[in-house]
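Commentary on secondary and tertiary structure
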Amino acid sequence: QKEVEQDPGPLSVPEGAIVSLNCTYSNSAFQYFMWYRQYSRKGPELLMYTYSSGNKEDGRFTAQVDKSSKYISLFIRDSQPSDSATYLCAMKETSGSRLTFGEGTQLTVNP
Amino acid sequence: GAVVSQHPSRVICKSGTSVKIECRSLDFQATTMFWYRQFPKQSLMLMATSNEGSKATYEQGVEKDKFLINHASLTLSTLTVTSAHPEDSSFYICSAETGQGNNSPLHFGNGTRLTVT
């Protein structure tokens, strides 16, 4: 079983839709959670960084962490064609910096 | 925000030659840098962890004599692919910690696309 499972997609939505991206994990030592956006042929760009259960909002993006269920989500409101990219969840334990990634979800927002 | 610069962005080389990729933290000191490899439509695969002033730690299955890593300063780490072969063609990405302890997020460079002919 993989430590981090991410809904593989691909996901295709119309412009303006609300997008929900999800990851589950099995390692209870993970304490820090990140969402990255990766455009084709580019490095991952940090979108959200959270370390406690609950919601964190930044503009159109909301990261949600439920440590009791070992489940994290990223919500994108009012999605735009420029949001079309691959989204990667990542997490790490408190005692080290090594990241464990999900497999990524490819999102396409159609105008 | 924290910026990681990676150079070159793209390189084409002949089989048997060596290629050096640089990773720089531009506005912070990075005690730890990470090197990843990414195949098309796949997630990032950690190759090695690079700590300033000490030997890199390689992941299982990664040949340390083939992928030489040097982290000579707090702002620069290099990955040298030695005697490159076509199967080494891939997208290589570095990342760096912002140096705020174990609670800091990782920022990534824009990657280097290596093509070995």
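It should be noted that the structure appears before, not after, this text.
None of the values given here were measured: they were computed from a predicted structure.

Another point: the state of the cysteines. Residue and element names in this part refer to chain A. Overall, the coordinates contain two disulfides over all chains when judged by the stated rule. Paired through a disulfide, Cys-23 and Cys-89 show a sulfur-sulfur distance of 2.0 Å. Its S-S torsion of approximately -100° makes the covalent link between Cys-23 and Cys-89 left-handed. Taken as a pair, Cys-23 in strand E3 (residues 19–25) and Cys-89 in strand E9 (residues 85–93) lie far apart in primary sequence, 66 residues in all.

With that out of the way, let us pick up the sheet that holds strand E1 (residues 4–7) of chain B. All names here are of chain B. A sheet is described by the order of its strands in space; here four strands give the open sequence E1-E3-E8-E7, paired in antiparallel fashion. Since the sheet does not close on itself, it has two edges, and those belong to E1 and strand E7 (67–73), each with one partner. Sheet twist, expressed as the mean angle between neighbouring strand axes with direction ignored, is 15°. Direction of pairing for E1 relative to strand E3 (residues 19–25): antiparallel, over a ladder of four bridges. Following the sheet pairing, Ser-5 is matched in E3 by Arg-24.

This part takes up unusual backbone geometry. Cis rather than trans, the peptide bond between His-7 of chain B and Pro-8 of chain B has omega equal to 0°. Counting through the fold element by element, Pro-8 of chain B comes out in the loop between E1 and strand E2 (10–13). Phi at Arg-41 of chain A takes a positive value of approximately 65°, unusual for a residue other than glycine. Turning to its location among the elements, Arg-41 of chain A is positioned in the loop between strand E4 (30–38) and strand E5 (45–50). Accessibility expressed as a relative area gives 53% for Arg-41 of chain A, which makes it exposed. For Ser-83 of chain B, which is not a glycine, the phi torsion comes out positive at approximately 45°. Topologically, Ser-83 of chain B is positioned in the loop between strand E8 (76–81) and strand E9 (90–97).

Quick notes on the rules
- Residues numbered from 1 in each chain as written.
- Chains lettered and ligands numbered in written order.
- Predicted model: local features only at pLDDT ≥ 70, side-chain atom pairs only at ≥ 80, totals over all residues.
- Heavy atoms only, no water.
- Disulfide = S-S within 2.5 Å.
- Helix = DSSP H or I, 4+ residues; strand = E, 2+ residues; numbered from the N terminus.
- Pairing = 2+ DSSP bridges.
- Axes fitted to C-alpha atoms, helices over the stretch in contact; angles between N-to-C directions.
- Buried < 20%, exposed > 50% of the residue type's maximum accessible area, 1.4 Å probe, protein only.

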